[in-house]
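Breakdown of the fold
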Amino acid sequence: MEFKYVPTTCPYCGTGCGFNLVVKDKKVVGVQPWQRNPVNEGKLCPKGNYAWEFINSPDRLTKPLIKKDGKFVEASWDEAYKLIAQKFKSYKGEEMACLASARVSNEENYLMQKFARAVLKTPNIDHCARLCHASTVVGLAGAFGSGAMTQSIADIAESKCLLVIGTNTFEQHPLIGRRIMQAKMNGAKIIYADPRLTPTGKIADLHLQFYSGTDVALLNCFMQLILKNGWENKDFIKNRTKDFEKVKEVVMKDTYSPENVSKITGVPAEDIIKAAEWFGKSGQSAVLYSMGITQHTTGVDNVKSVANLQMLTGNLGRPGTGICALRGQNNVQGACDMGALANVYSGYQSVLVPEMKKKMEDAWGCQIAEGKVGLTVTTLINTLADEPGKVKCVYIMGENPMLSDPDLHHVEKGLKNAEFIVVQDIFLTETAQLADVVLPATCFAEKDGTQTSTERRVQKWRKAQDPPGEARADWKIICELGAAMGYEKQFPYKSAEEIFNEIARVTPSYGGMTYARLEKPEALHWPCPTAEHPGTPILHKEKFSHPDGLGIFTPIEWKAQAEVPDKEYPFLLTTGRCIWHWHTGSMTRRSPSLEREEPTGWVEINPEDAKALGIADKEMLKVSSRRGDIKIGARVTKTIKKGVVFIPFHFIECAANILTINALDPVAKIPEFKACACKIEKIKEA
Ligand SMILES: Nc1nc2c(c(=O)[nH]1)N[C@H]1C(S)=C(S)[C@@H](COP(=O)(O)OP(=O)(O)OC[C@H]3O[C@@H](n4cnc5c(=O)[nH]c(N)nc54)[C@H](O)[C@@H]3O)O[C@H]1N2
Ligand SMILES: Nc1nc2c(c(=O)[nH]1)N[C@H]1C(S)=C(S)[C@@H](COP(=O)(O)OP(=O)(O)OC[C@H]3O[C@@H](n4cnc5c(=O)[nH]c(N)nc54)[C@H](O)[C@@H]3O)O[C@H]1N2
Ligand code: SF4
Ligand SMILES: [Mo]
């Protein structure tokens, strides 16, 4: 029996673990450790371990589908391309919008934004980073001039004190969780701030179990205590930052005294004081955060508060310090780097700067969309739903907004208002079902390409098997569509590598990278501007990325979330994930080993709340918000704070996003997935 091992990168989370796909008789049949990969050193979490199971699922899309009289009919690629090109040509640029994907390669995201801007001439290109770390990109770029995680993953183990706030790392980035454990075993203190006592929280030395949406109050209180005790880093503040006094003025207010913040957050004052002391005095403190910080109407405020704390204590640019904004999807960092965002070309080159637009026009050899900020994932849905006729046509690659966006009734209304939708996916998702044309794409195991992990490490995918049926690689589909639209010259690529070489030419931070250099297991961290440059695992060592090299403090006042609990909707609903499933479940719910572990959703509710409502564990309940209601089983557990309930958003049959609110951060346009009001009722017997 012949087995072939193909080393590649995990298609799930932004940790970027490597593993070998095991191939037998030309089909992927398993996953085996890849010991020499420095990210995970041969270890994997359950999703990585079972990442092979969905690949040959009988549900894979194998042929293009065209909707005729409300039903999908199989079609040839030529037929599909002809119809799409004819439709696309019938609309004006801004009547169209594209969604790229944090699930596909850098090369494919680069081509998608090029297709939107150069072929469709629309500025409307975005992707799910908007629902995820848009606040990080805006907030950290404001503070430091660069919106990315500042450290490497391995560096976390060097820290002496970790503030883990709004990230359930053990379940969502398990192989980063391993570095938290290593830090702990080296003697670091772990502070965990989260409304739930998650598996990550269980290993912490201190759990600050606070109300969702009170992060700024907590962080301001830390800063007040640090200043009062003289634990700030005066040299760092003086030499490397500006506007410190403005922040000092705000955080020293009585509002942010431990006693008052204890009332706002529901955390005992002595715990806040203890945490501030550990963090302020360690000399090497790092912050890890993720969606608990970003997914708020105050997402940018939250991120800037974290940046304030790290500048105040001088915990940047050295080993064991920094801000680890843990990027979610395997290639969300890369999709942002590639310019699949409404406001930037690749390498964060602003669409508003005329020289950048000219640079792209020269590189691509054609006129491109007007240099203005386009619609984002969230504002696109709002435009579709609330201003019908403005956007008429949507091309979606590898996203499933019909389950992942907030307020699903509103999303459905929006998508149904569109005249023509193309969805390119590997499965017939809830969104694909609403499409006019569905294009079957290949998955990570069936193509070459690169993806960029949360630590800015650019790693390779390597093809292990042929695609099912007539499925084609996303990059090939975009090239062929480009040609069908008359832009053959702009899309001449014969391989993913040729696309990568163009990326390196137009994107300064990737400028020194080639496929040959990325071949070694450790790959390269950007920025890597020249062929000799070794890459950059730690950012901001000597100076920040602003023109004057200084970090900028921003004074932030705490504000409550958009919808606070009241008499009618008395519970605070927060949403998130579990270890076994991935987002809308298109892949993990088709992996028998994962689906078996958690076959459906649940609502976590504190025993005291359950008792008051007469609710038993596992009882079916009706949970409703001002947007809609779902039926879902109770999970009565002490791990959740009284007054707060949690629902994972993976499950269509009890979709959390029927309930969530479509309220956005004013700058980052990220929705408030982490806090809205809901009520819980027993289901009356018929
Ligand atoms: N298994 C699995 N892993 C994943 C994913 C997945 O779907 N499944 N998705 C990936 C993606 S795209 C992302 S973005 C990451 C997300 O990774 P995480 O952000 O770690 O995951 P979440 O469950 O969304 O939220 C994290 C925690 O925030 C807490 N929280 C809720 N409200 C607040 C608040 O107001 N403040 C604070 N401080 N905390 C709060 C929740 O209780 C939860 O424990 O995970 C990635 N990894
Ligand atoms: N309530 C609530 N909602 C949330 C969140 C939350 O915490 N709470 N988190 C938000 C966050 S952080 C995120 S990142 C979003 C994620 O939202 P989405 O990106 O919409 O969710 P996914 O299920 O990851 O969708 C990815 C799609 O890509 C497809 N796919 C996989 N590989 C390929 C490929 O190679 N090619 C193509 N063409 N398709 C492929 C998959 O089948 C799937 O349909 O959800 C957001 N929604
Ligand atoms: S930690 Fe993330 S990258 Fe690593 S195996 Fe698990 S899902 Fe894959
Ligand atoms: Mo995400």
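Residues numbered from 1 in each chain as written. Chains lettered and ligands numbered in written order. Predicted model: local features only at pLDDT ≥ 70, side-chain atom pairs only at ≥ 80, totals over all residues. Heavy atoms only, no water.

1. A look at the sheet that holds strand β8 (residues 161-165)
In spatial order, the strands read β10-β9-β8-β12-β13; together these five strands make up an open sheet with parallel pairing. Single-partner strands in this sheet number two, and they are β10 (206-208) and β13 (323-325). The mean inter-strand angle of the sheet, taken between neighbouring strand axes irrespective of direction, is 15 degrees. Across five bridges, β8 lies against strand β12 (residues 285-289) in parallel orientation. Directly across from V164, in β12, lies its bridge partner L288. In this fold helix α8 (residues 215-228) packs onto β8, β9 (189-193) and β10, with an angle of close to 160 degrees to the strand it touches most, β8. (Pairing = 2+ DSSP bridges. Helix = DSSP H or I, 4+ residues; strand = E, 2+ residues; numbered from the N terminus. Axes fitted to C-alpha atoms, helices over the stretch in contact; angles between N-to-C directions. Contact = heavy atoms within 4.5 Å.)

2. A word on the site of ligand 1
As a structural note, the neighbourhood of ligand 1 is formed by 35 residues, with D194, G213, D215, R577 and H581 the closest of them. Measuring from an oxygen atom of ligand 1, one finds a side-chain N or O atom of R196 at 3.0 Å. The contact in question runs from an oxygen atom of ligand 1 to an N or O atom on the side chain of K674, over 2.9 Å. Sorting the residues of the shell around ligand 1 by element identifies α5 (169-172), α13 (291-294) and β23 (571-576) as the ones contributing at least two each. Its residues placed into classes, the shell around ligand 1 shows 10 nonpolar, 18 polar and seven charged. (Near = heavy atom within 4 Å. Polar contact = N/O pair within 3.5 Å; in protein donor to acceptor, adjacent residues only side chain to side chain. Nonpolar A, V, L, I, M, F, W, Y, C, P; charged D, E, K, R; others polar.)

3. Examining the site of ligand 2
For ligand 2, the set of nearby residues contains 34 residues, the closest of which are S404, D425, D474, T584 and N657. Within the side chain of D474, one N or O atom sits 2.8 Å away from a nitrogen atom of ligand 2. Alone, ligand 2 offers 920 Å² of accessible surface; in the complex the protein occludes 99% of this. Each residue belonging to the shell around ligand 2 can be placed in one class, and the counts come to 13 nonpolar, 14 polar and seven charged. Mapping the shell around ligand 2 onto the domain boundaries places at least three of its residues in each of domain 2 (65-131 + 352-524) and domain 4 (571-682). (Areas by Shrake-Rupley, 256 points an atom, 1.4 Å probe, with all protein chains shown as cover. Domains from an automatic or database assignment.)

4. Describing the UniProt feature "domain: 4Fe-4S Mo/W bis-MGD-type" (unreviewed entry) in the protein chain
The UniProt record marks residues 3-59 with the feature "domain: 4Fe-4S Mo/W bis-MGD-type" (unreviewed entry), using the residue numbering of this structure. Helix and strand shares over residues 3-59 are 7% and 35% respectively, and the end C-alpha atoms of the span are 25 Å apart. (UniProt positions renumbered as here; feature names shortened; annotations may be inferred.)

5. Here we look at a nonpolar patch on the surface
A cluster of nonpolar side chains, F3, Y5 and V29, forms an exposed patch at the surface whose accessible area comes to about 290 Å². Along the chain, Y5 turns up in strand β1 (residues 4-9). You can call Y5 partly exposed: its relative accessible area is 45%. (Patch = residues over 30% accessible without salt bridge, like charges linked within 9 Å, V, L, I, M, F, W, Y side chains within 5 Å. Salt bridge = Lys/Arg side-chain N within 4 Å of Asp/Glu carboxyl O. Buried < 20%, exposed > 50% of the residue type's maximum accessible area, 1.4 Å probe, protein only.)

6. Notes on the sheet that holds β1
One open sheet accounts for three strands, arranged β1-β2-β3; its pairing is antiparallel. In this open sheet, the two edge strands, each paired with only one partner strand, are β1 and β3 (27-33). Sheet twist, expressed as the mean angle between neighbouring strand axes with direction ignored, is 35 degrees. For β1 and strand β2 (residues 18-24), the ladder comprises six bridges, and the chain directions are antiparallel. Among the inter-strand pairings, T9 is bridged to a residue of β2, identified as G18.

7. Re the domain arrangement of the protein chain
According to the domain assignment, the protein chain contains domain 1 (3-49), domain 2 (65-131 + 352-524), domain 3 (150-325) and domain 4 (571-682). For domain 1 versus domain 3, the distance between C-alpha centres works out to 33 Å. Counting residues at the interface gives 12 residues for domain 1 and nine residues for domain 3. Here domain 1 packs against domain 3, burying approximately 730 Å² in sum over the two surfaces, 58% of which is carbon and sulfur. Summed over the shared surface of domain 1 and domain 3, the number is one salt bridge. The partner of R178 in a salt bridge is E41, with the nearest N and O atoms 2.6 Å apart. Applying the counting rule to domain 1 against domain 3 returns two residue pairs in polar contact (both at pLDDT 80 or more). Looking at the side of domain 1 that touches domain 3 residue by residue, the classes come out as six nonpolar, three polar and three charged. (Buried area = accessible area lost by both parts, 1.4 Å probe.)

8. Some points on unusual backbone geometry
Cis peptide bonds are those with omega within 30 degrees of zero, and the linkage from W526 to P527 qualifies with 0 degrees. One can find P527 in the loop between β21 (524-525) and β22 (551-552). A positive phi angle, close to 70 degrees, is found at K26, a residue other than glycine. Of note in the backbone geometry, D243 takes a positive phi value of approximately 70 degrees without being a glycine. Assignment of secondary structure puts D243 in the loop between β11 (241-242) and α10 (244-251).

9. Structural notes on the state of the cysteines
A complete count under the given rule lists zero disulfides for this structure. C161 supplies the cysteine sulfur nearest to C221, a cysteine that is in no disulfide, at a spacing of 15 Å. (Disulfide = S-S within 2.5 Å.)

10. A look at helix α19 (residues 408-417)
Within the sequence span of α19, burial applies to L408, H410, V411, G414 and L415. For α19, the arc enclosing every buried residue in end-on projection is 155 degrees, short of the 170-degree limit, so these residues lie on one face. On its buried face, α19 is in contact with α17 (377-386), α18 (401-404) and β17 (420-425). (Arc of directions from axis to C-beta.)

11. Some details on the packing of helix α3 (residues 106-119) against helix α21 (residues 496-506)
Packing of α3 against α21 brings their axes to within 9 Å, and their N-to-C directions diverge by 65 degrees. By the angle between their axes, α3 is roughly perpendicular relative to α21. Read as a crossing pair, α3 and α21 show a hand that is left-handed. Facing α3, whose interface residues are N106, E107, Y110, L111 and K114, α21 presents A496, I499, F500, E502, I503 and V506. Of the residues in the contact of α3 with α21, the class split is seven nonpolar, one polar and three charged. (Parallel < 35°, antiparallel > 145°, perpendicular 65-115°, else oblique. Left-handed = near helix turned anticlockwise from the far one by under 90°.)

12. Brief notes about the nonpolar core
One finds F88, F115 and Y395 to be the most contacted residues of the largest nonpolar core, which totals 88 residues. Counting only domains with at least three residues in this core, you end up with domain 1 (3-49) and domain 2 (65-131 + 352-524). Beyond its immediate chain neighbours, meaning those up to four positions away, F88 contacts M96, F115, L120, C393, Y395, F420, V422 and M485. By size, the runner-up hydrophobic cluster in this structure holds 58 residues, among which are V394, C578, I658 and I680. (Core = buried A, V, L, I, M, F, W, Y, C linked by side-chain atoms within 4.5 Å.)

13. Remarks on the pairing of strand β19 (residues 449-452)
Side-chain alternation along β19 places G449 and Q451 on one buried face and T450 and T452 on a second face that is also buried. Of the strand pairs in this sheet, β19 and strand β20 (residues 457-461) are connected by four bridges, and their pairing is antiparallel. Bridge pairing in β20 links G449 to W461. Hairpin geometry of β19 and β20 is characterised by an intervening segment of four residues between the two adjacent antiparallel strands and by a positive phi of about 65 degrees at R456.

14. Points about the packing of aromatic side chains
Aromatic rings in a pair are described by how distant their centres are and how their planes are angled relative to each other. This structure, assessed with the given rule, holds 20 aromatic pairs. Taken together, a centroid distance of 6.5 Å and an interplanar angle of 40 degrees make the contact between Y348 and W526 tilted. One end of the pair, Y348, is in the loop between β14 (344-345) and β15 (349-350); the other, W526, is in the loop between β21 and β22, and 178 residues separate them in sequence. Owing to a relative accessible area of 29%, Y348 belongs among the partly exposed residues under this scheme. For the pair F500 and Y515, a centre-to-centre distance of 5.4 Å together with 50 degrees between the ring planes defines the contact as tilted. A residue pair is termed long-range when its members are at least 10 positions apart, and F500 in helix α21 and Y515 in helix α22 (residues 515-518) qualify at 15 residues. Taken as a pair, F500 and Y515 share a single burial class, namely buried. One cation-aromatic arrangement involves R240 over F544; the distance from NZ or CZ to the ring centre is 4.5 Å. Against the face of W526 rests R456, its NZ or CZ located 5.8 Å from the ring centre. (Phe/Tyr/Trp six-rings, centres within 6.5 Å; stacked < 30°, edge-to-face > 60°. Lys NZ or Arg CZ within 6 Å of the ring centre and 35° of its normal.)

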